[in-house]
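Analysis of the macromolecular model
One-letter residues, chain by chain:
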Amino acid sequence: MKIPKKGQLRSRRFVYMCVANWFLHLYVFAMWPLLLAMVQANALPLSTLAWAAIAFAVGMILPGPFVAQWLERRSRKSVLLKAVLWMSIPPTCMLLFWHHAAALVAAHALQGLSFGIAQSTLGTTLVNDILLSRERTRGDVHYAWAGRLGIPAGLCAGCVALLHLPVQEALQWSLVLALLAFLCIGNVNVPLKAPVKMPRFTLDRFFLPSSYPLMLTMFVGPWLLGRMVGLHLTMPLMACMTAGVVVAYVLQRFTRYLWPQRWHMLAAYVLLLVAVALHMAGTPWADEVAALLIGIGTSMLSARHLLDWLVRSAHCQRGTAQNTYMIAWRVAFAAGVSCSLLVASHIGVADALLCLCGAVGYLMWRRRPAACCKPRQR
């Protein structure tokens, strides 16, 4: 099937893929409030939530080296649809074995594995397949914003569901989100690719080692978001965080040409630093304002880092750069959740130092573009 020569950013196929990405993130992150409710209802240790976050991140990483071979030797759309179907299994396992902490952790490992395959197939491959070369950077940015909004919105949706439904019914209704994502993907026609011989184990579409400076400088954003989720997984705070992501999108949309990008990044680090200070202060409404600032700062930070990954990746490394960004984001988020629940809940000084180190590291990296791949106009 040939791709039309006209632009695809407003095409039905691309819109369906962005909406499917939003539904997938809604579905996956709505599980966290439900898991917390199950842990509390069964008097299980809160560390179960931390181990579930770690298992989810590990599950996302494990299939990475093998995904490129699967996508080149099989129908990419069928791989994606099967991964979404596998994502519907964890809620069923949680319903059957919700009294056992190990079963809950294993269910999230399976969900991370299937979600990682789905993201590698949809975001790093199929989206780029349907877009023209000149549109891919803009398209990848819009696609990422759909998922970025789905993370706090999913956390908030899970909290809202628990206000009106028992946890068992909320788990059953969560499958509707997976079904909607499945239907969106099923309605998309994607170009067929001729099979290409690939090794079973490869870093292609998985990990870009040369981008490690970006992994370090972005770490503090999802880390603080994970810390907030681990400490205060409540509906008001998640709603404030969702509002923060919306505000960040509006700011990026209307101010990207007014200020240099380095000022956007410095503003993001400052907002995160202020959020840490507010959380340490413990004054009334401090947590709500901190959640709002974390939503704004993390989104601005993540959006700019993704653009750096895309623009500075070498030829044919776009999908690999995107997947490296996703892995770095999920690992930092899981580390934040786990640290809040396993290590210490009040380490504000360390959080502030991470913000300062991230800002200094990013400015130094911007002054030395050779630290990663050379910039390319794409």
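Everything quoted here is computed from the prediction, not taken from an experiment.

Parameters and conventions
- Residues numbered from 1 in each chain as written.
- Predicted model: local features only at pLDDT ≥ 70, side-chain atom pairs only at ≥ 80, totals over all residues.
- Heavy atoms only, no water.
- Helix = DSSP H or I, 4+ residues; strand = E, 2+ residues; numbered from the N terminus.
- Rg over C-alpha atoms; globule rule 2.2 N^0.38 Å.
- Buried < 20%, exposed > 50% of the residue type's maximum accessible area, 1.4 Å probe, protein only.
- Contact = heavy atoms within 4.5 Å.
- Salt bridge = Lys/Arg side-chain N within 4 Å of Asp/Glu carboxyl O.
- Phe/Tyr/Trp six-rings, centres within 6.5 Å; stacked < 30°, edge-to-face > 60°.
- Lys NZ or Arg CZ within 6 Å of the ring centre and 35° of its normal.
- Axes fitted to C-alpha atoms, helices over the stretch in contact; angles between N-to-C directions.
- Parallel < 35°, antiparallel > 145°, perpendicular 65-115°, else oblique.
- Left-handed = near helix turned anticlockwise from the far one by under 90°.
- Nonpolar A, V, L, I, M, F, W, Y, C, P; charged D, E, K, R; others polar.
- Polar contact = N/O pair within 3.5 Å; in protein donor to acceptor, adjacent residues only side chain to side chain.
- Core = buried A, V, L, I, M, F, W, Y, C linked by side-chain atoms within 4.5 Å.
- Patch = residues over 30% accessible without salt bridge, like charges linked within 9 Å, V, L, I, M, F, W, Y side chains within 5 Å.
- Areas by Shrake-Rupley, 256 points an atom, 1.4 Å probe, with all protein chains shown as cover.
- Lys, Arg positive; Asp, Glu negative; His and termini not counted.
- Charge placed at Lys NZ, Arg CZ, Asp CG, Glu CD.
- Expected span 1.5 Å × (residues − 1).
- Bend = angle between axes of the 7 residues up to and from the residue.

Points about the overall build of the chain
Helices and strands together make up the secondary structure of the chain, namely 15 helices and zero strands. For 378 residues, the compact-globule formula gives about 21 Å, and the C-alpha radius of gyration of the chain, at 20 Å, lands near that figure. Out of the 378 residues belonging to the chain, those deemed buried represent 54%. When contacts within the chain are restricted to residue pairs at least 6 apart in sequence, those whose partners lie at least 24 apart make up 87%.

A short note on the pattern of salt bridges
In this structure the tally under the stated criterion is four salt bridges. Taking the shortest distance from any N to any O, the salt bridge between Asp140 and Arg318 comes out at 2.8 Å. Remark: Arg318 occurs in helix α14 (residues 318–343) and Asp140 occurs in helix α7 (residues 136–164); sequence separation between them is 178 residues. We classify Asp140 as buried; its relative accessible area is 1%.

Quick look at the packing of aromatic side chains
Given two aromatic rings, their pairing is described by the distance between the two centres and the angle made by the two planes. Within this structure, the stated rule accounts for nine aromatic pairs. Ring centres of Trp22 and Phe23 lie 5.3 Å apart, and the angle between their planes is 50°; on these two criteria the pair is classed as tilted. One aromatic cluster is present, formed by Phe29, Trp329 and Phe333 through successive ring pairs. Geometry around Trp145 places Arg148 over its ring, the cationic atom sitting 4.6 Å from the centre.

Observations concerning the packing of helix α13 (residues 286–312) against helix α15 (residues 348–367)
The description of two helices packed together rests on the angle between their axes and the distance between the axes. Viewed as axis vectors pointing N to C, α13 and α15 meet at an angle of 25°, and their least axial separation amounts to 14 Å. By the angle class used here, α13 and α15 are roughly parallel. At the point where α13 passes α15, the crossing takes the left-handed sense. Contacts between α13 and α15 pair Arg304, His305, Asp308 and Arg312 from the former with Tyr362, Trp365 and Arg366 from the latter. For the contact of α13 with α15, a count of residues per class yields two nonpolar, one polar and four charged.

Observations concerning the packing of helix α1 (residues 12–41) against helix α2 (residues 47–61)
Two elements in contact, α1 and α2, have axes separated by 10 Å at closest approach and are oriented at 150°. Accordingly, the angle class assigned to the pair α1 and α2 is roughly antiparallel. α1 and α2 meet at a crossing whose hand is right-handed. Of the residues in α2, those in contact with Val28, Trp32, Leu35, Leu36 and Val39 of α1 are Thr48, Leu49, Ala52, Ala53 and Phe56. Its residues assigned to classes, the contact of α1 with α2 shows nine nonpolar, one polar and no charged.

Concerning the side chain of Ser299
Among the secondary structure elements, Ser299 is positioned in helix α13. Within the structure, Ser299 has its side chain in polar contact with the backbone oxygen of Gly295 (distance 2.7 Å). Once residues within four sequence positions are removed from consideration, Ser299 is found in contact with Trp145, Arg148, Val245, Ala248 and Ile294.

Digging into the nonpolar core
Within the largest apolar cluster, 110 residues are counted, with the highest numbers of intra-cluster contacts made by Trp32 and Met238. Per element, the largest residue contribution to this core is 17 residues, and it comes from α1. What Met238 contacts, discounting residues up to four positions off in sequence, is Pro152, Leu155, Cys156, Cys159, Met228, Val229, His232 and Leu233.

Side note on the environment of Cys18
Looking at the secondary structure, you find Cys18 in helix α1. Accessibility expressed as a relative area gives 13% for Cys18, which makes it buried. In this structure the C-alpha to C-alpha distance between Cys18 and Ile185, which are 167 residues apart in sequence, comes to 9.8 Å. Once residues within four sequence positions are removed from consideration, Cys18 is found in contact with His142, Tyr143 and Ala146.

Looking at the environment of Val160
Tracing the backbone through its elements, the reader meets Val160 in helix α7. Measuring from C-alpha to C-alpha, the distance between Val160 and Ala170 comes to 9.7 Å, with 10 residues separating the pair along the chain.

What about a positive patch on the surface?
Taken together, the side chains of Arg73, Arg74, Lys82, Lys197 and Arg200 present a region of like positive charge at the surface. Its place among the elements puts Arg74 in the loop between α3 (64–73) and α4 (76–87). Accessibility expressed as a relative area gives 48% for Arg74, which makes it partly exposed.

Overview of helix α6 (residues 101–130)
Its 30 residues place the ends of α6 42 Å apart at the C-alpha level, agreeing with the 44 Å of an ideal helix rising 1.5 Å per residue. Approximately 30° is the largest bend angle found in α6, and it occurs at Leu122. Of all 30 residues making up α6, 23 are buried, and the element is well covered by its neighbours.

Considerations on unusual backbone geometry
Phi is positive for Ala43, which is not a glycine, with a value near 55°. With respect to the helices and strands, the residue Ala43 is situated in the loop between α1 and α2. Of note, Trp285 is a non-glycine position whose phi angle comes to about 65°, a positive value. Position of Trp285 among the secondary structure elements: in the loop between α12 (261–281) and α13.

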